[in-house]
Amino acid sequence: MALFPLAFNRTMKFEGITLEEVPGDPGGLTFCGIARNPNPGWAGWSIIDDYIASSPDMATTKHVAVNDPSLMALVEQFYQASIWNRNKLGEFRDQELANQVYDAVVNIGQRAMKALQGLLAITADGIVGIETLKAVNEDEDPSGLVDQYIHWRVNYYQQLVAEKPKMAKFLN
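Quick caveat: nothing in here was measured; it's all calculated off a predicted structure.

Moving on to the overall build of the chain. Helix and strand content of the chain: eight helices and three strands. Secondary structure elements of the chain, listed N to C terminal, follow the sequence α-β-β-β-α-α-α-α-α-α-α. The C-alpha atoms of the chain give 17 Å as radius of gyration, which agrees with the globular expectation for 172 residues (16 Å, within 12%). Overall size of the chain, expressed as C-alpha extent along the three principal axes, is 55 × 35 × 25 Å. Taking all 172 residues of the chain together, the buried fraction comes to 44%.

If you walk across this open sheet you meet the three strands as E1-E2-E3, and the pairing is antiparallel. Here the strands that pair on one side only, and so sit at the sheet edges, are strand E1 (19–20) and strand E3 (34–35). Bridge count between strand E2 (residues 30–31) and E3: two bridges; the pairing is antiparallel. Within E3, the residue paired with phenylalanine 31 across the bridge is isoleucine 34.

This brings us to the pattern of salt bridges. One pass over the structure, following the stated rule, counts three salt bridges. Glutamate 96 serves as the salt-bridge partner of arginine 10, at 3.9 Å between the closest nitrogen and oxygen. With arginine 10 in helix H1 (residues 4–15) and glutamate 96 in helix H5 (residues 95–108), the pair connects residues that are 86 residues apart, well separated along the chain. The class for arginine 10 is partly exposed, based on a relative accessible area of 21%. Taking relative accessible area as the criterion, glutamate 96 reaches 33% and is therefore assigned partly exposed. A salt bridge links arginine 36 to aspartate 49; the nearest nitrogen and oxygen atoms lie 2.6 Å apart. Of this pair, arginine 36 sits in the loop between E3 and helix H2 (44–54) while aspartate 49 sits in helix H2, placing them 13 residues apart in sequence. For aspartate 49, a relative accessible area of 31% corresponds to the partly exposed category.

Right, let's talk about helix H6 (residues 111–119) for a bit. Turning to H6, its buried residues number three or more, namely Ala112, Met113, Ala115, Leu116 and Gln117. The elements touched by buried residues of H6 are H5, helix H7 (130–137) and helix H8 (142–163). Of the residues flanking the end of H6, it is alanine 121, one or two places downstream, whose phi is positive at about 60°.

All right, on to the side chain of serine 55 then. With respect to the secondary-structure elements, serine 55 resides in the loop between H2 and helix H3 (58–66). Engagement of the side chain of serine 55 in a polar contact is seen with the backbone oxygen of tyrosine 51, the distance being 2.6 Å. Ignoring anything within four residues of it in the chain, the contact list for serine 55 reads Thr60 and Thr61.

A few words on the side chain of asparagine 99. Mapping asparagine 99 onto the fold places it in helix H5. We classify asparagine 99 as buried; its relative accessible area is 7%. Once you skip the residues sitting within four places of it in the chain, asparagine 99 turns out to touch Leu6, Ala7 and Arg10.

So, how was this worked out
- Every chain begins its residue count from 1, and numbering advances along the sequence as written.
- Local features are withheld for residues below a pLDDT of 70 in this predicted model, meaning they are given only at 70 or higher, and side-chain atom pairs are given and counted only at 80 or more; totals for whole chains, interfaces and linings count all residues.
- Water and hydrogen atoms were dropped before computing side-chain values, which therefore reflect all heavy atoms in the structure.
- Runs of H or I in DSSP of at least four residues are treated as helices and runs of E of at least two as strands, each being numbered from the N terminus.
- We take the radius of gyration over the C-alpha atoms and set the globule estimate at 2.2 Å times the residue count to the 0.38 power.
- Throughout, exposure labels follow a simple rule: accessible area from a 1.4 Å probe, protein chains only, divided by the maximum for the residue type, with under 20% read as buried, over 50% as exposed, and the rest as partly exposed.
- Strands were regarded as paired on the criterion that DSSP finds at least two bridges between them.
- In the sections that follow, a salt bridge refers to a side-chain nitrogen of Lys or Arg positioned within 4 Å of a carboxyl oxygen of Asp or Glu.
- By definition in these notes, contact holds between two residues if any of their heavy atoms fall within 4.5 Å.
- Pairing of N or O atoms within 3.5 Å defines a polar contact, subject to two protein rules: one partner must be a possible hydrogen donor and the other a possible acceptor, and residues neighboring in sequence count only if both atoms are side-chain atoms.

Listed below in structure tokens is the structure:
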């Protein structure tokens, strides 16, 4: 079965262990990929707000925040509960598929799960249940499914940039 730490550490390399507010990002202030606007109730924001209020500048705030083990534990708990566990990714047999789906859900939400379900030709409701787990785990070509999913992701991001050219800066 797939392991959360492998997916989490892989995605954090892309998300970055940083605190930033990128102009044009609708998520607003973001810490380790957790955007404030869609996640205003995340417990880490009160800690970050305290750091912002007591730090002389944003560079100091970033340094203190990323070196706070309790804050980093909240990041990991957030991702494990809201993405990994919610989508039952630990029940996927194939680690690479779990990694890809986890990373996609972190970035674009449940439409990433709906896309996987569509590729599997099952009900695409974004809810992971028996039907989804059976289809994922009984797929005869997991690496082919991973390739199809990556292809879907590339097309999704290309279409997004075609519709919103300012989003191109996030394609890295």
